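Residue-level structural notes
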Amino acid sequence: MLRADVVQAHIPPKTVQDVLGDDSASGFSRGYPVTYGWTLQRQTLLLWKVEDGLTASVRRLHLSDPPSGRLFVEVIPHSSSTAVTVVLCTGGGQLYVWLDANYPVETYKQTLAVSANSSTSPDSIICGLSATPADVGTSLGFMAVVATADAALHLYHGSQNGIFPRQFYKAAAATAVRAGMLGTLGSVVKALYSEAFDPLHNVQRSSASAMAALELQLLQLDSNRWKLMVLTPDALDCWLLGTISGQNSTEQLLWSFNLHGVLTSTLQARELSLLAFAATTSSSNHYMQQLTPMQQLTAGGQQEMVHTGPLLYVWSAYLGATSLSHTHVLSCFAVEEGNTVPSLLHSTFVAQSQHLPDPEVGAGQMVPHTTHSSCLLLSPKGTVLEWLAGRGAEASPPKALGASSGNLAITCTTSTHPGASAGNWQLLNASYGVLEFLAQDPTADDAAAAVTGVQLPTSD
């Protein structure tokens, strides 16, 4: 059962229904006024507008080669026109771009490769993709970043004038250090000095991670600037990307956050895996912090404090000192402007009764709400969780909304189509199509947030 206030179900066209759940990759566009769903049928990507339901036109985008490895798809509607840009990558290294999928002629294709000395599997060359619109007036444009297994980041700035690729980061090879008393002594002194006098020594890193990305997220700041966040097994890196007169671009590493180390220390973990993350740029996010007795004294007796600004949500799993099974943890961070790394607000544990799989099964999906301080999670086995992070540590355990292997993808809509409103969650299910349901407001009291709506089955 899906325990949520379901607004309506958008039944996809019959050609899509016949493919959904048939061991094929499927997903959504994210964070746009119009939601597009996609699913792969052999060498063809089927694309449809979710809100049009059964009558939606199905666009068929053909791949020239059979896809191999994991599939990455970004669907980008443009506010200035009816055009829809699609960027698709395969784990095997193929990149496809359709600048306007309404006219499904393949406009761009590239094959990416990694070093011949790399031990990377042929199906794992590309490991991440994120893309957003980059329109200039009425001229279509997009910005995309592709991550490869050699820890490189590739930027694609596309428009009707062409698509311009550029690798802007690759981890430098480690340089050999000759052993010797002077060199060893210098390293020890430097480490001791950092530990004693640098408060960010164990938090902020001097350079971007040298490990391949687990996940990417591009956040648009304004018409010429984007923030790129890169999650790796050991860190979270933040880049500032900008455009100058068309295809030229600038990239600057704002910070590299020792996320793995911070959570390992905080949770006293002997082993920890970073699984997924979600970030927002909204300055209207609210987080309720319960003050300690000492903090209340300095705050004039105030028992809680409200933080307002962008938030970062992180999903991880760890083994404690004596534990035999993984514990899943959701952590909320405050994100500051400029070169300041995020600060941990709180972590909350997912109940063992939710039966989330071990990290080896794969990463799940994590989607932030467009206005509320909350997010929706989908585990690799199909469990759907809603987390009201803005309520603070004591009042925000994630709530299970349902579980089914037929649950394929999640998103948050900004649509205002009839029968719904901006900020609803959407769930793609193999049997029932797209279920749209209300998101709880973390600032509402428990009575107002109680679930009273229709329950639809999501059983296998």
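Every chain is numbered independently, its residues counted from 1 as its sequence is written. Per-residue local features are limited, in this predicted model, to residues with pLDDT of at least 70; the limit for side-chain atom pairs, both in listing and counting, is 80 or more; totals at the level of whole chains, interfaces and linings are taken over all residues. Derived side-chain values reflect all non-hydrogen atoms in the structure, with water molecules and hydrogen atoms excluded from consideration.

A few points about the overall build of the chain
Along the chain, the regular secondary structure elements total 5 helices and 31 strands. Only protein chains enter the accessibility calculation, which uses a 1.4 Å probe. A residue is then buried if its area is under 20% of the maximum for its type, exposed if over 50%, and partly exposed in between. Per-residue burial for the chain yields a buried fraction of 51% across its 460 residues. A contact between two residues is defined here by any heavy atoms of the two lying within 4.5 Å. A separation threshold of at least 6 residues defines the contact pool for the chain, and within that pool the share at least 24 residues apart is 53%. With an accessible surface of roughly 20,900 Å², the chain has 53% of that area assigned to carbon and sulfur atoms. Numbering goes from the N terminus for both helices and strands, where a helix is a DSSP run of H or I of at least four residues and a strand is a run of E of at least two. Note that accessible areas follow from Shrake-Rupley with a 1.4 Å probe, and for residues the cover is restricted to the protein chains shown.

Quick word on the pairing of strand E6 (residues 71–77)
Of all the 7 residues making up E6, 7 are buried; the element is thus mostly covered by neighbouring parts of the structure. Side chains Leu-71, Val-73, Val-75 and Pro-77 of E6 all project onto a buried face; the interleaved residues Phe-72, Glu-74 and Ile-76 project onto the opposite face, where all are buried too. Bridging between E6 and strand E7 (residues 84–90) involves 7 bridges; their strand directions are antiparallel. Bridge pairing links Val-73 to Leu-88 in E7. Pairs of strands are assigned from DSSP output, requiring at least two bridges between the strands.

Topic: unusual backbone geometry
The phi dihedral of Arg-42 is positive, around 55°, even though this residue is not glycine. The topology assignment puts Arg-42 in the loop between strand E3 (36–41) and strand E4 (44–49).

Some remarks on the nonpolar core
By size, the foremost hydrophobic cluster in this structure holds 25 residues, and its most contacted members are Met-229, Leu-236, Leu-259 and Leu-312. For this core, the secondary structure elements donating two or more residues are strand E16 (225–231), strand E17 (236–244), strand E18 (248–257), helix H3 (259–267), strand E19 (271–279), strand E22 (311–319) and strand E23 (327–334). Contacts of Met-229, omitting those with residues within four sequence positions, involve Glu-215, Leu-216, Gln-217, Leu-236, Asp-237, Cys-238, Trp-255, Phe-277, Ala-279, Leu-312 and Val-335. What is meant by a nonpolar core is a set of buried Ala, Val, Leu, Ile, Met, Phe, Trp, Tyr and Cys residues, joined one to another through side-chain atoms within 4.5 Å.

Section: H3
For H3, every residue scored as buried is listed here: Leu-259, Val-262, Leu-263 and Leu-267. Along the axis of H3, the buried positions cluster into a sector of 110°, meaning they face one direction only. Just beyond H3, the residue with positive phi is Gln-268, at close to 50°. When we speak of the arc, we mean the arc of directions from the helix axis to the C-beta atoms.

Thoughts on the environment of Glu-251
Mapping Glu-251 onto the fold places it in strand E18. You can call Glu-251 partly exposed: its relative accessible area is 23%. Sequence-distant contacts of Glu-251, that is, excluding residues within four places in its chain, are made with Leu-155, Arg-166, Phe-168, Trp-239, Leu-240 and Leu-241. Counted as a polar contact is a pair of N or O atoms within 3.5 Å, where, for protein atoms, one must be capable of donating a hydrogen and the other of accepting one, and residues adjacent in sequence contribute only when both atoms are in side chains. One polar contact links Glu-251 to Arg-166, side chain to side chain, over a distance of 2.4 Å.

A few points about the sheet that holds strand E28 (residues 399–403)
One key point about sheets: their strands pair by backbone hydrogen bonds, in either a parallel or an antiparallel sense. Reading across from one edge, E25-E26-E27-E28 is the order of the 4 strands in this open sheet, with antiparallel pairing throughout. Edge positions in the sheet fall to strand E25 (365–368) and E28, since each of these pairs with one other strand and no more. Each strand of the sheet is rotated relative to its neighbour by a mean of 20°, with strand direction disregarded. With 4 bridges joining them, strand E26 (residues 375–378) and strand E27 (residues 383–387) adopt antiparallel strand pairing. Along E27, the bridge assignment pairs Leu-377 with Leu-385. Helix axes are fitted to C-alpha atoms over the stretch in contact, other axes to C-alpha atoms as well, and angles between N-to-C directions run from 0 to 180 degrees.

Some points on the confidence of the model for the chain
Here the chain averages 83 in pLDDT, while 79% of its residues score no lower than 70. Values of pLDDT, ranging from 0 to 100, describe the predictor's confidence in every residue of the model. For the stretch residues 174–198, pLDDT sits under 50, and the model shows 4 contacts to residues farther than four places along the chain or on other chains.

Examining the sheet that holds strand E29 (residues 407–412)
In spatial order, the strands read E1-E31-E30-E29; together these 4 strands make up an open sheet with antiparallel pairing. Two strands lie at the open edges of the sheet, namely strand E1 (6–10) and E29, each paired on one side alone. Neighbouring strand axes in the sheet, compared pairwise and without regard to direction, differ in orientation by 20° on average. Looking at chain direction, E29 and strand E30 (residues 425–429) are connected through 5 bridges and run antiparallel. From the neighbouring strand, Ile-410 faces E30, where its bridge partner is Leu-427.

Let's talk about the pattern of salt bridges
A side-chain nitrogen of Lys or Arg and a carboxyl oxygen of Asp or Glu constitute a salt bridge if their distance falls within 4 Å. Counted by the stated rule, this structure contains 6 salt bridges. For the salt bridge of Asp-234 with Arg-205, the shortest nitrogen-to-oxygen distance reads 3.2 Å. Of this pair, Asp-234 sits in the loop between E16 and E17 while Arg-205 sits in strand E14 (residues 204–205), placing them 29 residues apart in sequence. On the accessibility criterion, Arg-205 (27% relative accessible area) is partly exposed.

Comments concerning the side chain of His-369
Relative to the elements of secondary structure, His-369 occurs in the loop between E25 and E26. A distance of 2.9 Å separates a polar side-chain atom of His-369 from the backbone nitrogen of His-372. Setting aside chain neighbours within four positions, we find His-369 in contact with Thr-280, Ser-374, Cys-375, Cys-412, Gly-423, Trp-425 and Ala-439.

Here we look at the environment of Phe-437
Looking at the secondary structure, you find Phe-437 in strand E31 (residues 433–437). A relative accessible area of 0% means that Phe-437 is categorised as buried. Sequence-wise, Phe-437 and Val-6 are 431 residues apart; in three dimensions their C-alpha atoms are separated by 4.0 Å.

Some thoughts on the pairing of E25
Two faces make up the sheet, and in a regular strand the side chains alternate between them. Across 4 bridges, E25 lies against E26 in antiparallel orientation. By the bridge assignment, Val-367 is partnered in E26 with Leu-376. Between E25 and E26, which pair antiparallel one after the other, the connecting turn spans 6 residues.

Quick word on the packing of aromatic side chains
Working definition: rings of Phe, Tyr and Trp (its six-membered ring) pair if their centres are within 6.5 Å, and the pair is stacked with planes under 30 degrees apart, edge-to-face with planes over 60 apart, and tilted otherwise. Taken as a whole, this structure holds 7 aromatic pairs when the rule is applied. Geometrically, the ring pair formed by Tyr-96 and Trp-98 is stacked, given 5.8 Å between the ring centres and 10° between the ring planes. Trp-98 carries the same exposure label as Tyr-96, and that label is buried. Here Trp-255 and Phe-257 contribute two aromatic rings whose centre-to-centre distance is 6.5 Å and whose plane-to-plane angle is 90°, an arrangement assigned as edge-to-face. Residue Trp-255 is classed as buried on the basis of its relative accessible area, which comes to 2%. Clustering of aromatic rings is evident, with ring pairs tying together Phe-168, Tyr-169 and Trp-239.

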